[in-house]
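# Close look at the chain arrangement
Each chain is listed here by its residues.
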Amino acid sequence: MIHLESFWVIAGMAGVTYLTRPLGYLALRHRTLSPKAKAMLDAAPGCVLISVIAPEFATGNPVDLLALGVTALAASRLSMIGTVMVGMIAAAALRFIFN
């Protein structure tokens, strides 16, 4: 069973994560964004994804680096969801084959 402290920490993190959406909307609802700001906000999901994934590939494991290459190739041709799916499948398949 989960400890009560762990539950409250997870619930707090979920709450803060959720609050970024409505608070961001409230902060920007009466403003017109410049094209540069729009481009930055469009790139943000990819940046967050990379910041979560990158430490895994810093291990130097050749199988993970190969999966990273497959994912980078997919990213040049597919949408975000397609890239994530290809990356997950490539990592799982390569780990199954080589580990």
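Before reading on, note that the structure itself is shown above.
What comes next concerns the included structure. Everything quoted here is computed from the prediction, not taken from an experiment. (Residues numbered from 1 in each chain as written. Predicted model: local features only at pLDDT ≥ 70, side-chain atom pairs only at ≥ 80, totals over all residues. Heavy atoms only, no water.)

A complete count under the given rule lists 1 aromatic pair for this structure. When the ring of Phe7 is compared with that of Trp8, the centres are 5.1 Å apart and the planes differ by 75 degrees; the resulting orientation is edge-to-face. (Phe/Tyr/Trp six-rings, centres within 6.5 Å; stacked < 30°, edge-to-face > 60°.)

The next thing to look at is the side chain of Asp64. Residue placement: Asp64 occurs in helix 3 (residues 62–75). By relative accessible area, which is 3% here, Asp64 ends up buried. Here Arg95 takes part through its side chain, which lies 2.9 Å from a polar atom of the side chain of Asp64. Apart from residues no more than four positions distant in its own chain, Asp64 is found in contact with Glu56, Phe57, Thr59 and Arg95. (Helix = DSSP H or I, 4+ residues; strand = E, 2+ residues; numbered from the N terminus. Buried < 20%, exposed > 50% of the residue type's maximum accessible area, 1.4 Å probe, protein only. Polar contact = N/O pair within 3.5 Å; in protein donor to acceptor, adjacent residues only side chain to side chain. Contact = heavy atoms within 4.5 Å.)

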